[in-house]
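So you can see what is in the structure, the chains are spelled out below.
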Amino acid sequence: MHTPHGKVLAFDFGGTKLAAAIIDKASGEVLHYAKRQTPKNLGSQGSLDIICALGDEFLQKNGAEEIQAIGISFGGPISRDGQWIITSQHVKGWDYFPLPQVLSEHFGLPVFMENDANAAALGEWFYGAGEKCENLFYFQVSTGIGAGIILNGKLYRGMGMAGEFGHLTVEEDGMQCACGKLGCLESYSAGWSIASHAKALYNQLPSGSALRQLTQNQAEMVTTELVFEAYRQGDAQMQTLVRSAMHSLARALADVVCILDPDRVVIGGGISKSKDIMQAEMMPGLEKLIPGFLRGHFDLRFSVLDGKETLYGAALLSEGGFR
Ligand SMILES: [Zn+2]
């Protein structure tokens, strides 16, 4: 495996946050870093203005001549050739937008783009918990559920949309997903769905329940973090809800393990910070649902890059050997 070299300006266009960094690819050192809220009501132009200002500032601080390329992680589907955004479910104005071309004209550098789950998989594989293993399945559970696959040391893209883990069916004829299909994993186990299931149950919760106390009897205060906290405090209804969400995740992951037989599985995203809950409620289900001959085949780890995995992956996109 070759060693990447040079410095890259990396950008992360997310639905809730924007981030920029200069990363030294050889050492994995983050030389400059900033994160901002995505200005949702200003459409794609609002995000572009913030990213261009951060990029200009970093190039001035670092010296533009040392920067080799730009890498973009985008939170939404992109075209197979990496030149176009298809859409964003969070911010208006991105449909069929040639983001790499626009940034290349602004900064005068070559630009490479990948969707956020693929970028995160690449970053985590090379610089984080993946430890450059041969075959990796990376999945992230945050507001949505996404995944990226590394096969034989390269990002596997399929026809451009491989790794749509959140849309595996876990409940036939189940809930309607934003994708239009019924019973997707994302409708049961993603951050927003755990919180929305808890809100739907709220009126039936006993007055002394932990969730009611943590949210001061106001259903609109429910967040996934508070549902998890109620689980930890022994709230019986929230334990049932969380157990069911984690079981759906285990069921989908078991299917992936049967197909890929990866040497490592890495879990990232906001929900992976609640390791205690994932270990207690997802692992037993997973053990039960994979065939005996696959048990113990793979290592399961949690992301170690603390939300910067997309930027690390974006930085690696300019290295032709990994994609
Ligand atoms: Zn779906």
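Keep in mind it's a predicted model, so treat the numbers as computed, not measured.

So, how was this worked out
Every chain begins its residue count from 1, and numbering advances along the sequence as written. With the structure being a predicted model, the display of local features is reserved for residues of pLDDT at least 70 and the display and counting of side-chain atom pairs for 80 or more, all residues being used for whole-chain, interface and lining totals. Here a helix means four or more residues in a row that DSSP labels H or I, a strand means two or more in a row labelled E, and each is numbered from the N terminus. Buried residues are those with 20 or more other C-beta atoms within 10 Å of their own C-beta, exposed residues have 12 or fewer, and partly exposed residues lie in between; C-beta atoms are placed from the backbone. For the domain bounds, the source is a domain assignment made automatically or taken from a database. Each residue is represented by a C-beta atom placed from its backbone, and any two residues with such atoms within 7 Å are regarded as in contact. Gly counts as polar in this scheme, as do all residues outside two lists: the nonpolar Ala, Val, Leu, Ile, Met, Phe, Trp, Tyr, Cys and Pro, and the charged Asp, Glu, Lys and Arg. Taking the helix axis as origin, the arc is that swept by the directions to the C-beta atoms. One requirement defines pairing of two strands: DSSP has to find at least two bridges between them. Axis angles are defined between N-to-C directions and span 0 to 180 degrees, where every axis is a line fitted to C-alpha atoms and, for a helix, only to the segment in contact.

1. What about the environment of serine 44?
Looking at the secondary structure, you find serine 44 in helix 1 (residues 43-62). Look at serine 44 and you get partly exposed, because 18 C-beta atoms sit within 10 Å. Sequence spacing of serine 44 and phenylalanine 13 is 31 residues, and the spatial spacing of their C-alpha atoms is 9.8 Å.

2. Topic: the domain arrangement of the protein
Structurally, the protein comprises domain 1 (7-115 + 307-322) and domain 2 (136-302). Listed by partner, the interface residues are seven residues for domain 1 and eight residues for domain 2. Looking at the side of domain 1 that touches domain 2, its residues break down into two nonpolar, three polar and two charged.

3. What about helix 7 (residues 224-232)?
Every buried residue of helix 7 is listed here: Thr224, Val227, Ala230 and Tyr231. Buried residues of helix 7, viewed axially, fall in a sector of 120°; they line one side. Of the surrounding secondary structure, the elements contacted by the buried residues of helix 7 are helix 5 (191-201), helix 6 (210-214), helix 8 (236-260) and helix 9 (275-281). Downstream of helix 7 by a residue or two, glycine 234 has a phi angle that is positive, lying close to 90°.

4. With respect to the sheet that holds strand 7 (residues 145-151)
Taken together, five strands build an open sheet; the order of strands is 8-7-6-9-10 and the sheet is mixed. Pairing within the sheet leaves two strands with one partner each, and these edge strands are strand 8 (154-156) and strand 10 (299-302). Across the sheet, the mean angle from the axis of one strand to that of its neighbour is 25°, orientation sign disregarded. As paired elements, strand 6 (residues 136-141) and strand 9 (residues 264-268) share five bridges and run parallel to each other. Bridge pairing links tyrosine 138 to valine 266 in strand 9. Strand contacts of helix 3 (residues 116-127): strand 6, strand 7, strand 8 and strand 9, with the helix running at about 50° to strand 7, the strand carrying the most contacts.

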